[in-house]
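The residues making up each chain are set out below.
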Amino acid sequence: QEFRFGPCRVQGVALQELREAFWTVKDTVQAKDNITSVRLLRKEVLQDVSDAESCYLIRALLKFYLNTVFKNYLDEAADVRIRRSFSTLANNFFVIASKLQPSEDEMFSISESARRRFLLFQRAFKQLDIQAAQTKAFGEVDILLTWMEKFYEF
Amino acid sequence: DGVAVLPAPQNLSVQSTNMKHLLTWSPVIVPGEIIYYFVEYQGEYESLYMSHIWIPSSWCSPTEGPACDITDDITATVPYNLRVRATLGSQTSAWSTLQHPFNRNSTILTPPVMEVTKDGFHLVIKLEDLGPQFEFLVAYWRREPDAKEHVKVVRSRGIPVHLETMEPGAAYCVKVRTFVKAIGRHSPFSQAECVKVQGEALPL
């Protein structure tokens, strides 16, 4: 059981547990997203990502989730189930992000391609009101987990 | 919020063995009264970025205590802060927080319990069910000089596993240890257990 984002290996995180954590709150979380015409993690961001690109992209996405999406998502009134699932996701994303070390000497074009994909996501996020954007991004964690599963060795 | 008149629970500590984590504390005693306790936790992410956010424990909000199985709350290999408070009716104590954050990578891993049996000429092992986070590394060999040790990784739990078809008259030994993927650690090996197959060794 480990993630293999190209050269980046991450052990010690059970993807199934993250899926179960999100599944518990999926309906509640996604019901709060009123902007159904917009998708942040759209095809151009995640489709046909090469192994070499994947480490750069996942690191950028996870850091964004940790620093921008999750950081202000919870308030003290948040439902206990959401807090529990949130804690499982945030702390395991924290573990994964801390173990990702993309190589420095990769070809510039690879990291640049990953950066362009991430910027597509970030621009779409910034076009929304911050709270709506955080709600939508949190609701799209299942899309992110599905993409991450492609790089997971059971 | 109730006025904090009850003494806060003291001596919080966590005992963790084979990825089962138990938080304990000294009970608050009020003669003739039942004290209830509330346990809450926060992972490293919450403590760094949203330290005001605490999460009620799955099984102990409330509990009559003074212990709480926090295994289901510890869902990442990061340090966790834990706190407990006592309540009696509307009276509420202050929170007591575990002095050092708990990380599941400190759990004590014990050699697993195994049952080695013969099913005819088949060497069979049955391992205790320690949960989905555990793999078993089984080493087995024929007891003879310069014996070659074979290794098999077993992920199935609590069901018999065939290791080897044995030769008549020979003795075979087995030892096993666990591996926990979530923390990347092994347990010590168990004691070796040997079994012997009846009958004469077949002429070559």
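Residues numbered from 1 in each chain as written. Chains lettered and ligands numbered in written order. Predicted model: local features only at pLDDT ≥ 70, side-chain atom pairs only at ≥ 80, totals over all residues. Heavy atoms only, no water.

## A short note on the confidence of the model for chain B
Inference 1: Mean pLDDT for chain B: 93, with 95% of residues reaching 70 or above.
Inference 2: Overall fold confidence (pTM) sits at 0.91, and the ipTM for the predicted complex is 0.91. (pLDDT = per-residue confidence, 0-100.)

## Section: the environment of Glu135(B)
Residue and element names in this part refer to chain B.
Inference 1: With respect to the helices and strands, glutamate 135 occurs in strand β11 (residues 134–142).
Inference 2: Distance from glutamate 135 to aspartate 69, taken between C-alpha atoms, is 23 Å for residues 66 residues apart in sequence.
Inference 3: For glutamate 135, the contacting residues outside a window of four places in its chain are Val153, Val154, Arg155, Arg177, Thr178, Phe179 and Lys181.
Inference 4: In this structure the side chain of glutamate 135 is engaged in a polar contact, spanning 2.7 Å, whose partner is the side chain of arginine 155. (Helix = DSSP H or I, 4+ residues; strand = E, 2+ residues; numbered from the N terminus. Contact = heavy atoms within 4.5 Å. Polar contact = N/O pair within 3.5 Å; in protein donor to acceptor, adjacent residues only side chain to side chain.)

## Points about the nonpolar core
Inference 1: Ranked by internal contacts, the top residues of the largest apolar core, which has 84 residues, are Phe5(A), Tyr65(A), Phe70(A), Phe93(A), Leu144(A) and Trp147(A).
Inference 2: Counting residues per element, this core draws most heavily on helix α3 (residues 51–69) of chain A, at ten residues.
Inference 3: Once residues lying within four places of it in the same chain are set aside, the contact partners of Phe70(A) are Tyr65(A), Phe86(A), Leu89(A), Ala90(A), Phe93(A), Phe138(A), Tyr45(B) and Met50(B). (Core = buried A, V, L, I, M, F, W, Y, C linked by side-chain atoms within 4.5 Å. Buried < 20%, exposed > 50% of the residue type's maximum accessible area, 1.4 Å probe, protein only.)

## Topic: the interface of chain A and chain B
Inference 1: Facing the 22 residues of chain A at the interface are 25 residues of chain B.
Inference 2: Regarding the contact of chain A and chain B, the summed buried area is about 1900 Å², with carbon and sulfur atoms giving 56% of it.
Inference 3: It is Arg84(A), Asn91(A) and Phe94(A) in chain A that bury the most area against chain B; as a group they hold 28% of the surface buried on that side.
Inference 4: If you look at where chain A meets chain B, you find zero salt bridges.
Inference 5: Elements with a contribution of two residues or more to the side of chain A that touches chain B: α3 and α4 (80–99) of chain A.
Inference 6: Per-element tally for the side of chain A that touches chain B: the top contributor is α4(A), with eleven residues. (Buried area = accessible area lost by both parts, 1.4 Å probe. Salt bridge = Lys/Arg side-chain N within 4 Å of Asp/Glu carboxyl O.)

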